[in-house]
Amino acid sequence: MSETKIMLGNEAIARGAYEAGVKVSAAYPGTPSTEISENIVKYKEIYCEWSPNEKVATEVAIGASISGVRAMASMKHVGLNVASDPLYTVSYIGANGGLMVVVADDPGLYSSQNEQDTRCVARAAIVPVLEPSDSQEAKDFVKEAYRISEAYDTPVILRTTTRLAHSQGPVVLGEREEKEDAPYERNPAKNVMMPGMAKKRHLWVEERMNRLEKDSCDFAINRVEMGDTKIGFITSGIPYQYVKEVCPEASVLKLGMVHPLPKQLIMDFASKVDKLYIFEELEPVIEEQVRSWGIECQGKELFTRQGEYSANLLREKVLGQAVDSEPYDNLPARPPILCPGCPHRSTFSVLKKLKIHAAGDIGCYTLGAVAPLNVVDTTVCMGASISSLHGMEMAKGKDYIKNWVAVIGDSTFMHTGINSLMNMVYNQGTGTVIIMDNSTTGMTGHQDHAATGKTLMGQTVPAINIYDLVKSIGVKNVVRVDAFDIAEMERVVKEEVAKDEVSVILACAPCALLKEVKFPYKCRPISEKCKKCGQCLKPGCPALTKNPDGTISIDETMCNGCGLCMQLCKFDAIEKYEK
């Protein structure tokens, strides 16, 4: 009897990779895709790694596929931008062993800097896309992705969303398919994408997509559920669940393959319903193609292009029901905040005191943009802090950036920041970069990277020394500072921003939430010494609160004893004590 287990969508994808006989998995952590690799590592039959970025991860998977094994790369939607260079070309090359790229979109912007739709990238790259609707399909569609990949000689994107990635559902487990490796044969005309070869492969790719469009009309993952023919829906992914909840009697064409679309299947379905709705999150990818075929339908004129969809959206727009959203509108806001004992708060408190602007990057430290720190002025993408600062200098001159720094985390620096710093050195910039080294990839849940000395599979390996790495590319001024020593940090920042050449400050202190980090002390106020000046409250540590009489309290259950508040107090009204 088959075992059934409740699984997250990401966990189910990992299980699907195991059952499909995947042998190589590479990824860079990024919410909402991170847990895929954290679950794959539990299957010892699969080699898995954290790569320095998504481009490298995709290239690792491509190499494994060319050698003849089933391989995959996993990332969030903005990570696909980084991986787009190899993706666009491997579309021409195809797959020897099955090749799948899992991409997690983020409708609603729960943890991302934009709300792009992976289907748009896939259309441009000429890569087929599958989209599951629940955890069971998440597992099953992985297997289908490899079947399609090998049958049609193509990479396949498995598109998920935050709601699917982090929702749980029952999954029937199967056995692992121990698939024999595909033989490798040297074939430069297929695998070497210089212009002469690529021209011919492009023609082949277009023919491949034409075959997929026709054949997918018979794929089981594209299914028609006929009901009341007065209303019909074309939908996919999580929105399918809302359709079935709100309009259970309606006719539905549920698409498992969302690119290329099964044209004839869609045309046949549309001819059988009186009114057709296209219910898809984010961009009108399906809708625009359906309209281009002369099929009358309703889509984005009713349903938004922004954010997640919901059952209530259908009730309101299709059934005309009034939806009371007031209880949700009146909920108190709970903005994100740096943790108690976070070393980034200490660094930002110094920058704020010195009235220094920061070109920011992607990570926990992005929260330096909001009150009460208000230090980070820009955030674009991974590694952009250093490049942006350099651009400001080239536009306005070196004096303009004397009250600016770039801030970037250690994992993000290894991802793409190193390239930006090389550019700054090579092109004779003079900016100051603060690498906020907290010894982990903090924002996505403490994943290791090349500078931590541990791999995803738990191996202890030589850790890249960031100090030596920075020195090796020609940065003469490199200073390592304890992030919690605010007096020394202030001195170093003043000194480095005044220089007329590139300088790098390593603000070093581990993330407060790392399991191996032990805080032997806590802080407590001495009320009789308190002058009610509020200096200790300025960095916004959530462990500190202001009492009605103007003195402060420190929640001992939250305090990590970092001592930032104690350093800021000029009247010795806060002390450390041993736990």
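Look a little higher up for the structure.
Figured I'd write up the structure that's included with this text. A quick note: this is a predicted structure, and the numbers were derived from the prediction, not measured.

1. Observations concerning the overall build of the protein
Part 1 of the reasoning: Counting its secondary structure elements, the protein contains 20 helices and 23 strands.
Part 2 of the reasoning: Relative to the compact-globule value of 25 Å for 579 residues, the protein shows a C-alpha radius of gyration of 27 Å, a close match.
Part 3 of the reasoning: Each of the three principal axes of the protein carries a C-alpha extent, and together these read 80 × 60 × 55 Å.
Part 4 of the reasoning: For the protein, with 579 residues in total, the buried portion stands at 55%.
Part 5 of the reasoning: If you sum the accessible surface of the protein, you get close to 25,100 Å²; carbon and sulfur atoms cover 52% of it.
Part 6 of the reasoning: Put simply, the protein has 64 plus and 74 minus side-chain charges, and the middle of one group is 4 Å from the middle of the other.

2. A closer look at unusual backbone geometry
Part 1 of the reasoning: Omega for the bond connecting His 259 with Pro 260 falls within 30 degrees of zero, at -5 degrees, which places this linkage in the cis form.
Part 2 of the reasoning: Note that Pro 260 resides in the loop between strand S12 (257-259) and helix H11 (263-270).
Part 3 of the reasoning: Omega for the peptide link from Ala 371 to Pro 372 comes to 5 degrees, which places this bond in the cis form.
Part 4 of the reasoning: By the element assignment, Pro 372 lies in the loop between strand S14 (357-359) and strand S15 (376-378).
Part 5 of the reasoning: One non-glycine residue, Leu 282, lies in positive phi territory at about 65 degrees.
Part 6 of the reasoning: Inspection of the secondary structure puts Leu 282 in the loop between strand S13 (275-279) and helix H12 (285-292).

3. Let's talk about the sheet that holds strand S17 (residues 432-437)
Part 1 of the reasoning: Read from one edge to the other, the open sheet built from six strands follows the order S15-S14-S16-S17-S19-S18, with strand pairing classed as parallel. Of all strands in the sheet, those bounded by a partner on one side alone are S15 and strand S18 (477-482). Adjacent strand axes in the sheet meet at a mean angle of 30 degrees when their direction is disregarded.
Part 2 of the reasoning: As judged from the six bridges shared by S18 and strand S19 (residues 503-508), these two strands associate in the parallel manner. From the neighbouring strand, Arg 480 faces S19, where its bridge partner is Leu 506.
Part 3 of the reasoning: On top of the sheet, helix H17 (residues 410-426) reaches strand S16 (404-409), S17 and S19; it is set at about 140 degrees to S16, its chief contact.
Part 4 of the reasoning: Across the face of the sheet, helix H19 (residues 486-497) comes into contact with S16, S17, S18 and S19 while running at roughly 165 degrees to S18.

4. Examining the packing of aromatic side chains
Part 1 of the reasoning: Counted according to the given criterion, the structure contains seven aromatic pairs.
Part 2 of the reasoning: Judged by centre distance (4.5 Å) and plane angle (15 degrees), the rings of Tyr 18 and Tyr 43 are stacked. With Tyr 18 in helix H1 (residues 9-19) and Tyr 43 in the loop between helix H2 (34-40) and strand S3 (47-50), this residue pair connects regions lying 25 residues apart in the sequence.
Part 3 of the reasoning: Overall, the relative accessible area of 14% leaves Tyr 18 in the buried class.
Part 4 of the reasoning: Taking 5.3 Å as the distance between ring centres and 25 degrees as the angle between the ring planes, the aromatic pair formed by Phe 233 and Tyr 277 counts as stacked. Pair noted here: Phe 233 is in strand S10 (residues 228-236) and Tyr 277 is in strand S13, with a separation of 44 residues, a long-range link.
Part 5 of the reasoning: Relative accessible area serves as the criterion here: at 0%, Phe 233 is assigned to the buried category.
Part 6 of the reasoning: Under the relative-accessibility criterion, Tyr 277 is labelled buried at 4%.
Part 7 of the reasoning: Site record: aromatic cluster; members linked through ring pairs are Phe 233, Tyr 277, Phe 279, Phe 303 and Tyr 309.
Part 8 of the reasoning: Here the basic side chain of Arg 201 rests over the ring of Trp 204, its NZ or CZ set 4.3 Å away from the ring centre.

5. Let's talk about the side chain of Arg 201
Part 1 of the reasoning: Within the secondary structure, Arg 201 is located in helix H9 (residues 195-215).
Part 2 of the reasoning: Polar contacts involving the side chain of Arg 201 include one to the main-chain carbonyl oxygen of Ile 93, which spans 3.1 Å.
Part 3 of the reasoning: Other than its neighbours up to four places away in sequence, Arg 201 contacts Tyr 92, Ile 93, Gly 94, Asp 153, Ala 189, Lys 190 and Met 193.

6. A few points about the sheet that holds strand S6 (residues 129-130)
Part 1 of the reasoning: In space, the seven strands of this open sheet follow the order S3-S2-S4-S5-S7-S6-S12, with mixed pairing throughout. The sheet is open, and its two edges are formed by S3 and S12, each paired on a single side.
Part 2 of the reasoning: The sheet contact formed by strand S4 (residues 71-76) and strand S5 (residues 99-105) spans six bridges and is parallel. Bridged to Ala 71 within S5 is Leu 99.

7. Re the pairing of strand S11 (residues 250-255)
Part 1 of the reasoning: The buried fraction of S11 amounts to six of the six residues, a majority that puts the element mostly inside the structure.
Part 2 of the reasoning: Burial of the side chains of S11 extends over both faces: Ala 250, Val 252 and Lys 254 are buried on one face and Ser 251, Leu 253 and Leu 255 on the other.
Part 3 of the reasoning: Note: S10 against S11, six bridges, orientation parallel. Bridging across to S11, Phe 233 finds its partner in Val 252.

8. A look at the packing of helix H4 (residues 77-93) against helix H5 (residues 118-125)
Part 1 of the reasoning: Contact pair H4 / H5: the axes reach a minimum separation of 10 Å and the direction vectors enclose 15 degrees. When the interaxial angle is binned, H4 and H5 end up roughly parallel. For the crossing formed where H4 meets H5, the hand is right-handed. On the side of H4, the interface is formed by His 77, Leu 80, Leu 87, Tyr 88 and Ser 91, while H5 contributes Thr 118, Val 121, Ala 124 and Ala 125.
Part 2 of the reasoning: When grouped by side-chain class, the residues that make up the contact of H4 with H5 number six nonpolar, three polar and no charged.

9. Some thoughts on the nonpolar core
Part 1 of the reasoning: Judged by nonpolar contacts, the single largest core of 53 residues is most densely connected at Phe 348, Phe 413 and Leu 421.
Part 2 of the reasoning: The greatest single-element share of this core, amounting to six residues, is contributed by H17.
Part 3 of the reasoning: Those residues in contact with Phe 348 that lie beyond four places of it in its chain are Leu 338, Tyr 365, Gly 368, Leu 373, Val 375, Val 376, Val 407 and Met 436.
Part 4 of the reasoning: The next biggest cluster of nonpolar side chains, apart from the first, holds 41 residues, and it includes Ala 20, Val 22, Ile 46 and Met 209.

10. Quick notes on the environment of Val 461
Part 1 of the reasoning: Here Val 461 is to be found in the loop between S17 and helix H18 (466-472).
Part 2 of the reasoning: Look past the residues within four positions of Val 461 in its chain and what remains in contact with it is Gly 453, Lys 454 and Thr 455.

Conventions adopted
- Residue positions are counted from 1 within each chain, in the order its sequence is given.
- Given that the model is predicted, a residue must reach a pLDDT of at least 70 before its local features are reported, and side-chain atom pairs must reach 80 or more before they are shown or counted; all residues, however, enter totals for whole chains, interfaces and linings.
- Neither water nor hydrogens contribute to the side-chain values; these are computed over all heavy atoms in the structure.
- Labels follow the DSSP assignment, with helices taken as runs of H or I lasting at least four residues and strands as runs of E lasting at least two, numbered in each case from the N terminus.
- Only C-alpha atoms enter the radius of gyration, while the globule expectation follows 2.2 Å times N to the 0.38, with N the number of residues.
- Per-residue accessibility, obtained with a 1.4 Å probe over protein chains only, is compared with the maximum for each type, and a residue is labelled buried under 20%, exposed over 50%, and partly exposed between these values.
- Computed by Shrake-Rupley with a 1.4 Å probe, the accessible areas treat only the displayed protein chains as cover when residues are assessed.
- Counted as positive: Lys and Arg. Counted as negative: Asp and Glu. His and the chain ends are not counted at all.
- Taken as the charge centre is NZ of Lys, CZ of Arg, CG of Asp or CD of Glu, depending on the residue.
- For two strands to count as paired, DSSP must find a minimum of two bridges between them.
- The angle between two axes is taken between their N-to-C directions and runs from 0 to 180 degrees, where each axis is a line fitted to C-alpha atoms and a helix contributes only its stretch in contact.
- Working rule for contacts: check all heavy atoms of both residues, and any pair within 4.5 Å makes them a contact.
- Ring pairs shown here join Phe, Tyr and Trp side chains whose ring centres sit within 6.5 Å, with only the six-membered ring taken for Trp; geometry is labelled stacked below 30 degrees between planes, edge-to-face above 60, and tilted in between.
- Counted as over-ring charges are cases with an Arg CZ or a Lys NZ within 6 Å of the ring centre that also lie within 35 degrees of the ring normal.
- Definition of a polar contact: a pair of N or O atoms within 3.5 Å, with one able to donate and the other able to accept a hydrogen when the atoms are protein atoms, and with sequence-neighbouring residues admitted only if both atoms are side-chain atoms.
- Throughout this description, any angle smaller than 35 degrees is read as roughly parallel, any larger than 145 degrees as roughly antiparallel, any in the 65 to 115 degree range as roughly perpendicular, and the remainder as oblique.
- Crossing handedness follows the turn of the near helix against the far one: under a right angle anticlockwise gives a left-handed crossing, and clockwise gives a right-handed one.
- Polar here means any residue other than Ala, Val, Leu, Ile, Met, Phe, Trp, Tyr, Cys and Pro, which are nonpolar, and Asp, Glu, Lys and Arg, which are charged; Gly is therefore polar.
- Nonpolar cores were defined as sets of buried Ala, Val, Leu, Ile, Met, Phe, Trp, Tyr and Cys residues, with membership established by side-chain atoms within 4.5 Å.

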